[in-house]
Structure formats: C-alpha cells, structure tokens
Amino acid sequence: MPHLEITDLSAAYEADAKVLKDVNMTVDKGEIVSLIGPSGSGKSTLLRVLMGLLRPVGGQVVLDGDAIDYTSKSSLRHVRDRCAIVFQQYNLFQNMNVMRNVSIAPIKIKGWDKKTVEAEAADLLAKVGLADKHKAYPDELSGGQQQRVAIARALALKPEVLLLDEVTSALDPELVNEVLDAIRVLASEGMTMIIVSHEMAFVREVSSKVVMMDEGTVVEAGPPAQIFDAPKTRRAQEFVSKILRH
Ligand SMILES: Nc1ncnc2c1ncn2[C@@H]1O[C@H](COP(=O)(O)OP(=O)(O)OP(=O)(O)O)[C@@H](O)[C@H]1O
Ligand SMILES: [Mg+2]
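Predicted model, so just to flag it, every value in this text is computed and none were measured.

**Student:** So what exactly am I meant to see when it comes to the side chain of His3 here?
**Tutor:** Locating His3 in the fold gives a position in the segment before strand S1 (4-14). By relative accessible area, His3 is classed as buried at 3%. Among the polar contacts listed, one links the side chain of His3 to the side chain of Glu160, at a separation of 3.5 Å. Residue contacts for His3: discarding those within four places in its chain leaves Val27, Asp28, Lys29, Val62, Leu63, Asp64, Glu160, Val161 and Thr192.

What follows is the structure in structure tokens.
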C-alpha cells in the first residue's frame, strides 16, 4: 500500500476553471517525489490541496490507508498532524529567536513537554547546520539560514511527509546549496518528501520519482533517468529539452 495515494484529484480556485484535472500519483514511504513543469501547471496547487488549504472538487487522497475527508475538521487535523509544508517565503516569527521559532508550535499547540521539544529542536537545528544560532533572531540570519530554520520548524512537528514548495527560489545563488544540503540530509534519513524545485540537477540527484505536470494534469511520471534522458511523451520531451538547455 502506498503511503500517499492520489486518485483523479481535481481542484479549482473559481467554479468551472479547474487547475488540477484528474491528477493521479502515489508516494511510498521514504520516497522523494519531485514535481516539475511549467509555471502555472498546478504544482503549488497540488501541495495546497494535499495540506487542506484548498478543498478539492473531485477525486481522493488516501494517507496510510485512510481516505482524507477535506470537509471534516478532524480529518484535516489528522492530515496536518502528518504532513508539513515549507514555502518559498519562510515566514519566521520575527520577534522570536531561532529556538523559539522551532519549538513554539510543538509546545503551545501540541502541548508537548518543553524540555523534550527543545532538546529535539536543538538536534534539528544541528541537522540543518544551525547549531550555533539558537539565540539569533531572523533578521540576523541570511535567507538560506532562515529557510533552514523554517525547515527545522516544520520538522519539529514530526511530520511523516514533508512538502517543499520552491524553498530555494527566493535565495541568492550562493545560498541555495546550503539549503539543498539540509534536504539531502533528510533524504538520507528516509524522510518522505514531495518537492517542487527548479534545481534540476538536485531533482535528478535526490528524487526516486519525477512527476511532470502541465495544465493541471500529470503528463509523465517516472524515475529521473526516464524523465530527463528518455521522456516518453512529446510534452515532457519539449519541456526537458528546454530546461536542460539552460
Ligand atoms: N489563489 C489563486 N487564485 C486563483 N487562481 C490561482 C491561484 N493560485 C494559482 N492560481 C492558478 O492556478 C493555476 C496553477 O497555479 P500553481 O500556482 O499551482 O502553478 P505552479 O505550477 O505552482 O506554478 P509556478 O511554477 O509558477 O509556481 C494557474 O493557472 C494559476 O494562475
Ligand atoms: Mg508554484
């Protein structure tokens, strides 16, 4: 049984204008699935729907065998307990130091034990290369450091699936790699992830599966070698030849 199974999923921001159309996809435990495709193809929308930030108009999402009911508060809570998302804009709490940013939700929202949470937050910060920044405030950090805090903050809630939406796109080029390195560490530990990224070399390196989307549908899905070296569909061939030329 796949960890996450998406069947015929459709979504729309406005009635009669579907931006996801019958999307099918599976994600196994420990898998890293990357979504690629042109701007506006529905990558962010798919992540939003999975998190319950936009209610689907059709289809089904099954997480660990449970069909998610996006109209039910308890089902949504269940999803948000198990999945976490990090966006391009890291949105840290500016008035809190790094440790507080990472530990506040587990302590205040989950009610977990403060000492335990802080010890785990320290481990997470070490993992993303910020062991020496516990007391720093966001405005004292680079964009790459802030994004790594945002990743640690998402992980502090112990998600089973981590969704990353272009987490390096707002960063100066020299800061991109430090964030990718943090994601590489998570990948090596078997974290299940769905990644939207324009860093194609990285996508190729870490993904178990690459899903190409266009106009709200999945055009082609397969291992990176298939998608990047021998895409089967004409649309994927066009897209890949365009992006790899750059
Ligand atoms: N809040 C919104 N309201 C209405 N339409 C939206 C909204 N957000 C996105 N859309 C539309 O939904 C479609 C899919 O957008 P989405 O943001 O999912 O694309 P994307 O693949 O993530 O693109 P990009 O690579 O530029 O981030 C686009 O046609 C977009 O214009
Ligand atoms: Mg997007």
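**Student:** What's the story with the site of ligand 1 in this structure? I'm lost.
**Tutor:** Surveying the vicinity of ligand 1 reveals the residues Tyr13, Val19, Pro38, Ser39, Gly40, Ser41, Gly42, Lys43, Ser44, Thr45, Arg48 and Glu166. At a separation of 2.6 Å, an oxygen atom of ligand 1 approaches a polar side-chain atom of Ser39. For ligand 1, an oxygen atom lies 2.5 Å from a polar atom in the side chain of Thr45. Here ligand 1, which alone exposes 640 Å², has 61% of that area covered by the protein. A per-element tally of the shell around ligand 1 places helix H1 (residues 43-51) first, with four residues. Considered class by class, the residues forming the shell around ligand 1 number three nonpolar, six polar and three charged.

**Student:** Could you clarify how one ought to interpret the sheet that holds S1 in this entry?
**Tutor:** Strands belonging to one sheet form pairs held by backbone hydrogen bonds; the direction of such a pair is parallel or antiparallel. One open sheet holds the four strands; their spatial order is S2-S1-S4-S5, and the pairing between them is antiparallel. Strands at the two margins of the open sheet, each flanked by one partner only, are strand S2 (17-27) and strand S5 (66-67). With two bridges joining them, strand S4 (residues 58-63) and S5 adopt antiparallel strand pairing. Looking at S5, one finds that Val62 is bridged to Ala67. H1 contacts S1, S2 and S4 of the sheet and is inclined by roughly 105° relative to S1.

**Student:** Teacher, can you tell me more about empty space enclosed by the protein here?
**Tutor:** Across all of its chains, the model carries two cavities of 30 Å³ or more by this definition. The computed volume of the largest cavity comes to approximately 40 Å³. Lining the largest cavity are Leu4, Leu50, Leu63, Ile68, Tyr70, Val79, Cys83, Leu163 and Ile194. By residue class, the composition of the lining of the largest cavity is nine nonpolar, no polar and no charged. As for the second largest cavity, its lining consists of Glu166, Val167, Thr168, Leu180, Ile183, Ile195, Val196, Ser197 and Phe202. Looking at the lining of the second largest cavity, the elements with two or more residues in it are helix H6 (173-188) and strand S8 (192-196). When grouped by side-chain class, the residues that make up the lining of the second largest cavity number six nonpolar, two polar and one charged.

**Student:** Help me understand the packing of helix H3 (residues 98-109) against helix H4 (residues 114-127), please; the structure alone is not making it clear to me.
**Tutor:** Packed helices, taken two at a time, are described by the angle between their axes plus the distance between the axes. The interhelical angle for the contact between H3 and H4, taken along N-to-C directions, is 130°, at an axis separation of 9 Å. Between H3 and H4, the angle is such that the two are oblique. Here H3 and H4 pass one another in a crossing that is right-handed. Residues Val98, Met99, Val102, Ser103, Pro106 and Ile107 of H3 touch H4, and the partners they reach there are Lys114, Val117, Glu118, Ala121, Ala122 and Leu125. When its residues are assigned to classes, the contact of H3 with H4 shows nine nonpolar, one polar and two charged.

**Student:** Before we go on, may I ask you to explain the pattern of salt bridges in this structure?
**Tutor:** Side chains that differ in charge, positive against negative, can pair when their charged atoms come close. Summed over the entire model, instances satisfying the criterion amount to 14 salt bridges. Residue Asp66 pairs with Arg82 through a salt bridge whose shortest N-O separation is 3.9 Å. Within this pair, whereas Asp66 is found in strand S5, its partner Arg82 is found in helix H2 (residues 73-82), the two being separated by 16 residues in sequence. Classification of Arg82 by relative accessible area gives buried; the value is 10%. One salt bridge connects Asp214 with Arg235, and the closest N-O pair in it is separated by 2.5 Å. Here the residue Asp214 occupies a position in strand S9 (residues 209-214), and Arg235 occupies one in helix H9 (residues 234-245), the gap between them amounting to 21 residues. By relative accessible area, Asp214 is classed as buried at 13%. One continuous salt-bridge network, built from bridges that share partners, spans Asp64, Asp66, Arg82 and Glu160.

**Student:** Can you help me understand H3 in this one?
**Tutor:** An α-helical turn contains 3.6 residues, so any two residues separated by three or four positions project in the same direction. Across its twelve residues, H3 extends 17 Å between first and last C-alpha, which sits within 8% of the 16 Å expected from 1.5 Å per residue. Within H3, nine of the twelve residues are buried, which leaves the element mostly enclosed by the surrounding structure. Along H3, the residues classified as buried are Val98, Met99, Asn101, Val102, Ser103, Ile104, Ala105, Pro106 and Ile107. Contact partners of the buried residues in H3: H4 and helix H5 (143-155). Regarding H3, its N-cap is Asn97, as a side-chain oxygen of that residue lies 3.2 Å from the backbone nitrogen of Met99 further along. The first or second residue beyond H3 is Gly111, which carries a positive phi of 75°.

The rules we used
- In every chain, residue numbers begin from 1 and rise along the written sequence.
- In the order they appear in the text, chains get letters beginning with A and ligands get numbers beginning with 1.
- With the structure being a predicted model, the display of local features is reserved for residues of pLDDT at least 70 and the display and counting of side-chain atom pairs for 80 or more, all residues being used for whole-chain, interface and lining totals.
- Processing note: side-chain calculations cover all non-hydrogen atoms of the structure and skip hydrogens and water entirely.
- Secondary structure elements follow DSSP: runs of H or I of four or more residues count as helices, runs of E of two or more count as strands, with numbering from the N terminus.
- Under the scheme applied here, a residue whose accessible area is under 20% of the maximum for its type counts as buried, over 50% as exposed, and between as partly exposed, the area being computed with a 1.4 Å probe on protein chains only.
- In the analysis that follows, any N or O atom pair within 3.5 Å is treated as a polar contact, provided that within protein one partner can donate a hydrogen and the other can accept it, and provided that, for residues neighboring in sequence, both atoms belong to side chains.
- Every residue pair with non-hydrogen atoms within 4.5 Å of one another is taken to be in contact.
- Think of it this way: one heavy atom of a residue within 4 Å of a molecule or strand is enough to make that residue near it.
- Each accessible area value is a Shrake-Rupley result obtained with a 1.4 Å probe; residue values ignore everything except the protein chains displayed when judging cover.
- In this classification, Asp, Glu, Lys and Arg are treated as charged, Ala, Val, Leu, Ile, Met, Phe, Trp, Tyr, Cys and Pro as nonpolar, and every other residue, Gly included, as polar.
- A pair of strands is labelled paired if DSSP reports no fewer than 2 bridges between them.
- Where helices are involved, their axes are fitted lines through C-alpha atoms of the stretch in contact, as for all axes, and angles between N-to-C directions lie from 0 to 180°.
- Points on a 1 Å grid over protein atoms alone make up a cavity when a 1.4 Å probe fits among them but cannot get out, and a pocket when they form an open set with protein on both sides within 12 Å along at least five of seven lines; lining residues each have an atom within 4 Å of a point.
- Grid points are joined across faces, edges and corners, and a volume is the space filled by probe spheres set on the points.
- Should an angle lie under 35 degrees it is considered roughly parallel, over 145 roughly antiparallel, and from 65 to 115 roughly perpendicular; all remaining angles are considered oblique.
- Left-handed describes a crossing whose near helix is turned anticlockwise from the far helix through less than a right angle; right-handed describes the clockwise counterpart.
- In what follows, salt bridge is the name for a side-chain nitrogen of Lys or Arg lying within 4 Å of a carboxyl oxygen of Asp or Glu.
- Working rule for helices: expected span equals 1.5 Å times residues minus one.

Function cannot be read off these values alone, since they describe shape.
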